[in-house]
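Listed below are the residues making up each chain.
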Amino acid sequence: MYKRIFDIENRIDEGMFLFGGRQVGKSTLLKERFPKAVYFDLLKSDLRNRFRQHPEEFRESLLRYQPQTLVIVDEIQKVPELLDEIHWLMVNRDLYFILSGSSARKIKKSGANNLGGRAVPYTLYPLVSAEIPDFDLERAVQNGMIPRHYAVSNAINRMRAYVDLYISEEIVEEAAVQNVDDFIRFLEIAAISDGEIINYENIASDCGVSANTVKSYYKILKETLLGFEIPAYRKVIKRKLTKASRFYLFDVGISNYLTKRHHLAPKTPEYGHAFEHLVMQEIVAYLGYTDSEEELTYWHTYDDKEVDAIIGDARIAIEIKSTDHVENKHKEGLMVFAKEHPDTRQILVSKDRVSRRSGNVDLYYVADFFKALWSHDII
């Protein structure tokens, strides 16, 4: 059992949307933290079909409860028609709701009731290092941080089932795309391009579809919570900067599976990509769970100097390297960035086990960085 960091019980007001990728642990968290809540699981086909046909029966089933009773509706995107009934119950019966789901896409597409701003959206991310006793870095880099995948030594079969479930339920069931084969090919190319600067035209050429179709596919990945976008830092001081975003699948294990990186070897480019992805995943989760208002960007110049993560207006610059021994060449991007932004805090995260300060750069062994991050010593 993992002790999740997200303090959901302290955030309940009138309502909450709890979104998160499939199998990140939303249902487990809700049942653990709110065992006395009234619970509806819309994964159950009989209940789902009944409420689709008679949404008023959902409202009728809750009229007997006292004000401020907490009601949890799992997989709300499967019956968005219930949101009208939920809105009425919040206004007229003062019931509280947590509405969880793996996709906001269907709710937005259907034009469903947004509850008049009464439900605040939150995200549950895959596991983070601070939630795992005896955190195993190598397992995390290979398997990712979806609980069921991290829990086993070899997660290939579970990952295959996961991707098949995503395609069948999020893409086919919602009729999100006209040609599923094209989308599957795109998904593989997106995984190969994971963490790289998005070039819609190149990806479209590889997939055999238009650039506009590729843009729509990336939008689907974001709306079904299978990926996140990191925009480019755009404050130009001297050097001309890249403006296109980077895109990461939401979990490094899924990226590994789609690119057939089943046995990552340290000191290879493939391992380096996965290591960077894992650290970025952890930073994204931290910013989400702490409700940070600081933007996460990356910095890349036209002469290929770069820094992987910029926090806020150059307040913190973080470079990620999978090397076992940090040398001056690994700090080059940070040092160039610092010349234009001298007040930035410079951090380099690596597998070098000796955390130290080298010049103006804080060098963190990755495990030390994760501990400092969740102790609120980094951001």
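Structure's up top.
Residues numbered from 1 in each chain as written. Predicted model: local features only at pLDDT ≥ 70, side-chain atom pairs only at ≥ 80, totals over all residues. Heavy atoms only, no water.

**Here's the deal with the side chain of Gln346**
Working step 1: Residue placement: Gln346 occurs in strand S11 (residues 345–350).
Working step 2: By relative accessible area, Gln346 is classed as buried at 6%.
Working step 3: When sequence neighbours within four positions are dropped, the list of residues in contact with Gln346 reads Ala317, Leu334, Met335, Ala338, Asn360, Val361 and Asp362. (Helix = DSSP H or I, 4+ residues; strand = E, 2+ residues; numbered from the N terminus. Buried < 20%, exposed > 50% of the residue type's maximum accessible area, 1.4 Å probe, protein only. Contact = heavy atoms within 4.5 Å.)

**A closer look at the sheet that holds S11**
Working step 1: Within the open sheet, the six strands sit side by side as S8-S9-S10-S11-S13-S12. Their pairing is mixed. With partners counted over all chains shown, the strands left at the sheet margins are strand S8 (296–300) and strand S12 (356–358), one partner each. Going from strand to strand, the sheet's axes swing by 30° on average, the running direction of each strand aside.
Working step 2: Alignment of strand S10 (residues 316–320) against S11, held across five bridges, turns out to be parallel. When the bridges of S11 are listed, Ile320 appears paired with Val349. (Pairing = 2+ DSSP bridges. Axes fitted to C-alpha atoms, helices over the stretch in contact; angles between N-to-C directions.)

**Focus on the sheet that holds strand S5 (residues 119–123)**
Working step 1: In space, the five strands of this open sheet follow the order S2-S3-S4-S1-S5, with parallel pairing throughout. Either end of the sheet is taken by a strand with one partner, and the two such strands are strand S2 (38–41) and S5. Strand-to-strand, the axes of this sheet are offset by a mean angle of 15°, without reference to chain direction.
Working step 2: When S2 meets strand S3 (residues 70–74), the two strands line up parallel, connected through four bridges. Looking across to S3, one finds that Asp41 is bridged to Asp74.
Working step 3: Across the face of the sheet, helix H4 (residues 82–93) comes into contact with strand S1 (15–19), S3 and strand S4 (96–101) while running at roughly 155° to S4.

**Describing the packing of aromatic side chains**
Working step 1: Applying the stated rule across the entire model yields 25 aromatic pairs.
Working step 2: An angle of 50° between the planes, with centres 5.7 Å apart, marks the rings of Phe6 and Tyr122 as tilted. Taken together, the positions of Phe6 in the segment before S1 and Tyr122 in strand S5 put the pair 116 residues apart, joining distant regions of the chain. In this structure, Phe6 and Tyr122 share a single accessibility class: buried.
Working step 3: When the ring of Tyr364 is compared with that of Phe369, the centres are 6.0 Å apart and the planes differ by 70°; the resulting orientation is edge-to-face. Residues Tyr364 and Phe369 agree in their burial class; the two are buried.
Working step 4: An aromatic cluster of three or more residues is present, and its members are Phe6, Tyr122, Tyr125, Tyr286, Tyr289 and Trp374.
Working step 5: The lysine or arginine in question, Lys215, covers the ring of Tyr200, its NZ or CZ lying 5.3 Å from the ring centre.
Working step 6: Here the guanidinium or amino end of Lys240 rests over the ring plane of Tyr302, the centre of that ring lying 4.8 Å away. (Phe/Tyr/Trp six-rings, centres within 6.5 Å; stacked < 30°, edge-to-face > 60°. Lys NZ or Arg CZ within 6 Å of the ring centre and 35° of its normal.)

So, to be careful, I would describe these as geometric facts and stop short of saying anything about function.
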